[in-house]
Amino acid sequence: MREAWNSDQVAALAPDSSSLSAARGLATPAKWVDRGAADGPPGTLWGLAKGSGSKPYQTCVDLDEPAYRCSCPSRKFPCKHALGLLLMWSAGSVPEAANPTWVDEWHANRAGRAAKAEARRANTEPQTEEQAKAAAKRAAQREDRVTGGVAELGQWLDDQVRNGIAGLDHAGYQHWDTAAARLIDAQAPGLARRVKALAGVASSREGWDQRLLADLGTLRLLTRAHARLAELPADFADTVRGHVGYPVSTDRVLATAPVRDVWQIVGVQDEVEERLTTRRAWLLGRDTGRSALVLAFAVAGQALAADLVFGTNLDADLCFYPGATALRAIVSTRHTAPTPGGSPGPATTVREALSRHADAVAADPWLESWPMLIDGVLAPGATWHLIDRDGDALPVRTRGGEPWHLIGAAAGRPAPISGVWAPDGLQILSAYADGELVQA
Amino acid sequence: MTAALWPQLVSTALVGTQRRAAATITVPEAMASLASGGIASDADLLETAGALALARRAGVGVTTDVTSPVPSAADDLPLAPTAAQRRLRLLLGTSVDADLVELWLTLAVERGLGVPGRDLANLFRLGRANERLRDLIAQVAGVRGAWLAAQHKDWVWVGTRRAATIDVDDPAMWTEGAIADRVAYLTTARRRDPAEALSSLTRVWSAEPPAERIAMMAALRVGLGPGDEEFLEAALDDRRKEVRTAAAELLGALPGSAYERRMAARAAALVSRTGKKLVVTLPEECDAAMKRDGVEPKPRSGTGERAWWFEQIVAAAPMSTWDGLDATPGELATLKVADDFGPTLRRAWATAAVRTRDAIWAEAMLAAGFGTGSKASYVDIELATSLHRVLPADQAVDTALARLAMSGTQVAHATAIVDICPRPWPRPLTTALFGFIETELRGARNSYVPYQLRELGQAVVNAAPPGDVAADTAALAASLADLSPHITTLMESLVTLADTRYQILQEFA
């Protein structure tokens, strides 16, 4: 029997906190008519959940993918029944039992669909000359529109310093949102997001003027770089285009050379912004030492990809987005089902991590966050720090809550701690202590 | 020497280049490569600022002046089994059920087990809001928990609870401390040497402000003895009513005091027995001596003033007063009382029995059905549960069984029984409580389940031994299955709760 995921890993799959708390209520045998776990392949959990009607809901989870199915009417994904089943499993309360026929049918259906999709992909005809021409025309139009928008942004930035930035700390969101909206129209969503974020920088109190000028300045450098796009080395041009917000087709990413490794999923962060939820999975290659960021998006109520489970290892091929600093990636091929991860590595010192960060910024000046795995101790205080074995420290960002549970887990002894470095400090992702990876 | 570049950039950007031209910025030689053509335009200013910001971002240095925390000593408690650890983590998730956490902690403490380090902080946060869980949490915290709690200002209680009782014996606390510190010091001193502590108090008493005098009276309850009587008699003449009331209460708790004799004499004159009947004579007035002894002249609303004086006198008199009536407490509790004074007399006796913690009287009053039936007032029901608390553990269970079998027992009393009876409960008590719930549910006038009964059900399931309660709850649910949808829903939630508790127990096996 495979080792069950822990409750943190299950919690990371929940689409929202209300689903998770509903699932906790369902994670008791009294709520189930029957349930079982089968080794597979694929590893499967199944259960018949008591619902409000007379017929129980059929819930099953493919643990290898992972994938979920439930006959309940919920549009959440995975639904509370699937989560409840997983929680029971993680608590050791799902007995081994062979799959009922409805579970086998589901597996068969999915296998059939996957085969068909594979066949469709294989059959795709190469583009006709006309289609290629039309695509090139669309791309050229977009480039024109973006170029116009970026030039306008450069003007707007210059206007800010001409008029003086004093007072912008009280300018309100409107000031930034209007400029951001124009960039959306100009199909430069990356720039739009950065301009929108300036509102928060401007209202960040003490020292806001320094931070705002720094951001306006780096943004102005981005507009300058875009104006010289044709002269830039290909890698760097891709970096600039990426930050401006040109779309990169999945096919283009998949066409890059894959990097195979045992990828350790050391952090999963969800960020809810208006109606859009962004899930960031931070991966670290055990053998290559490379870091990767896999993004997933969902609008409110929609299913978030939940296939990268915190604290597991995945032997897979990753393809990286083009650019000078390859960080963002997609999983192209999985070689095995995810396995529970051990102590993540390779870990570095603070100095080593900062030096790699400097290299990364040199290659991509607009890099916003950079993952680190450091062997060290967390020290609470007015400002928290991560201190490595050499006594070198980095400030830790605690705006989202102080990770006291990690202090308790590590008991003041050095542990591999992963985090994401940003100008205002290291955002802690997880720590490995007491034989498990603990999420911040 | 030229001024540093960055401050010039910031100050120029703040006022705006239309007021202060960008060209006025001087670029230090070392920075020349950042702005090779000088700073002539707004774009130059921004790009130079951007380049400088990037240089700083890439060149962030390590901090070297932070000292590493001292690590925790080796753990002293073995951890709870893996399944139990997982359970705790589930329990500490979003909506915390403090009763389930209490069960978990109790099982862990009984077995001398600890919790994983990662869960300590969540437990401490829970303990901050739930006073009653603190002792248990402090016990499962272990060395590592104490180490962790010492680093957080909100978790100081973990350390203090771990050291079973704390003594405050720094004399500076007495001379310079805040009220709470001074009371703590005085309490510790009373535990050690009541007479010495009293003389410390008398030395400063007259100079103390009223608020401090009121607070310090509480410390005298510790080590109360005949040596305190003179001081307390004098305190009956204090300027503040709170001090006078506290003094009267303490004197009432001091066997053989003059105060007690005065109250006994007053009370004895008011109740007499003729054959199988008790006769009550109400006092004519509330004189100065009565007022000095703490009798409140103004009655609470709905009570006549003479009946009110009577009730206070009987409640303050020692139980030995009634030996003169030549009957056992059991007999007195059931005798008829002339002129409808029965409820008043019995309420006063109940109050006195609670005050003096007299188990014989408490038992007699409860056996006589005090606080049962539809006429029982809210005060009577409260008093009945207080009487029940006076009983020693084994007697409390027998009395509980008797009360539950009695007709007219109130749901509130049954709920009180849940925490009065010491745990683990004997099987018959669990059965009797379930029987009580069943009778109440079947007797409900409409199909709704009264809120009180829902609470009682949860309290019983939370308090009974998990092994007994799972089977009992399921049996009751089956027997009540077709009564009403509301009852079915209630029973479903109780069955789930009972199952969960049973699983938690199993996980410690």
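Because the structure is predicted, anything quoted here is derived from the model rather than measured. (Residues numbered from 1 in each chain as written. Chains lettered and ligands numbered in written order. Predicted model: local features only at pLDDT ≥ 70, side-chain atom pairs only at ≥ 80, totals over all residues. Heavy atoms only, no water.)

## Here's the deal with the sheet that holds strand 1 (residues 271–274) of chain B
Strand pairing in a sheet is mediated by backbone hydrogen bonds. Such pairs are either parallel or antiparallel. Residues and elements named next belong to chain B. Under the convention used in this document: Only when DSSP finds a minimum of two bridges between them are two strands counted as paired. Helix numbers and strand numbers start at the N terminus; a helix is a DSSP run of H or I with at least 4 residues, a strand a run of E with at least 2.
Taken in spatial order, the three strands of this open sheet run 1-2-3, and their pairing is mixed. Among the strands making up the open sheet, the edge pair consists of strand 1 and strand 3 (336–337). Of the strand pairs in this sheet, strand 2 (residues 277–280) and strand 3 are connected by two bridges, and their pairing is parallel. Within the sheet, the bridge partner assigned to Lys-277 lies in strand 3 and is Lys-336.

## Section: the interface of chain B and chain A
Note the following rule: Working rule for contacts: check all heavy atoms of both residues, and any pair within 4.5 Å makes them a contact. Buried area: the accessible area, evaluated with a 1.4 Å probe, that two parts lose upon being put together, summed over both parts. One side-chain nitrogen of Lys or Arg within 4 Å of one carboxyl oxygen of Asp or Glu is enough to make a salt bridge. For the purposes of these results, a polar contact is taken to be a pair of N or O atoms within 3.5 Å, where, inside protein, one atom must be able to donate a hydrogen and its partner to accept one; residues adjacent in sequence count only when each atom of the pair is a side-chain atom.
With 53 residues of chain B in contact, the opposing surface of chain A contributes 64 residues. A combined buried area of about 5,200 Å² lies between chain B and chain A, and 60% of that area is made up of carbon and sulfur atoms. Three residues, Leu46(B), Arg57(B) and Arg118(B), lead the burial of chain B against chain A; their summed loss comes to 15% of the area buried on that side. Taken together, the links from chain B to chain A amount to seven salt bridges. Its salt-bridge partner being Arg224(A), residue Glu47(B) comes within 3.2 Å of it at the nearest N-O pair. Linking chain B with chain A are 18 residue pairs in polar contact (both at pLDDT 80 or more), by the criterion used here. For the side of chain B that touches chain A, the secondary structure elements donating two or more residues are helix 1 (5–15), helix 2 (42–58), helix 3 (82–91), helix 5 (117–129), helix 6 (134–149) and helix 26 (485–507) of chain B.

## A closer look at the sheet that holds strand 1 (residues 32–38) of chain A
Residue and element names in this part refer to chain A. Convention followed: All axes are obtained by fitting lines to C-alpha atoms, using only the stretch in contact for helices, and the reported angles, taken between N-to-C directions, cover 0 to 180 degrees.
Strand order in the open sheet formed by four strands is 1-2-3-4, with antiparallel pairing between adjacent strands. Strands with a single pairing partner mark the edges of an open sheet, and in this sheet they are strand 1 and strand 4 (67–70). On average, each strand axis in the sheet is tilted by 10° relative to the strand beside it, whichever way the strands run. Pairing of strand 3 (residues 57–62) with strand 4, which is carried by four bridges, proceeds in the antiparallel orientation.

## Here we look at the packing of helix 7 (residues 189–202) of chain A against helix 8 (residues 208–227) of chain A
Residue and element names in this part refer to chain A. Counted only if it meets this: Any angle that falls under 35 degrees is termed roughly parallel, while one over 145 is termed roughly antiparallel, one within 65 to 115 roughly perpendicular, and all others oblique. In this classification, the charged set is Asp, Glu, Lys and Arg, the nonpolar set is Ala, Val, Leu, Ile, Met, Phe, Trp, Tyr, Cys and Pro, and all remaining amino acids, among them Gly, are polar.
Packing of helix 7 against helix 8 brings their axes to within 9 Å, and their N-to-C directions diverge by 170°. As the angle between them shows, helix 7 and helix 8 are arranged roughly antiparallel. Judged by residue contacts, Leu-191, Arg-194, Val-195, Leu-198, Val-201 and Ala-202 of helix 7 engage Trp-208, Arg-211, Leu-212, Asp-215, Leu-216, Leu-219 and Leu-222 from helix 8. Across the contact of helix 7 with helix 8, the residue classes tally to 10 nonpolar, no polar and three charged.

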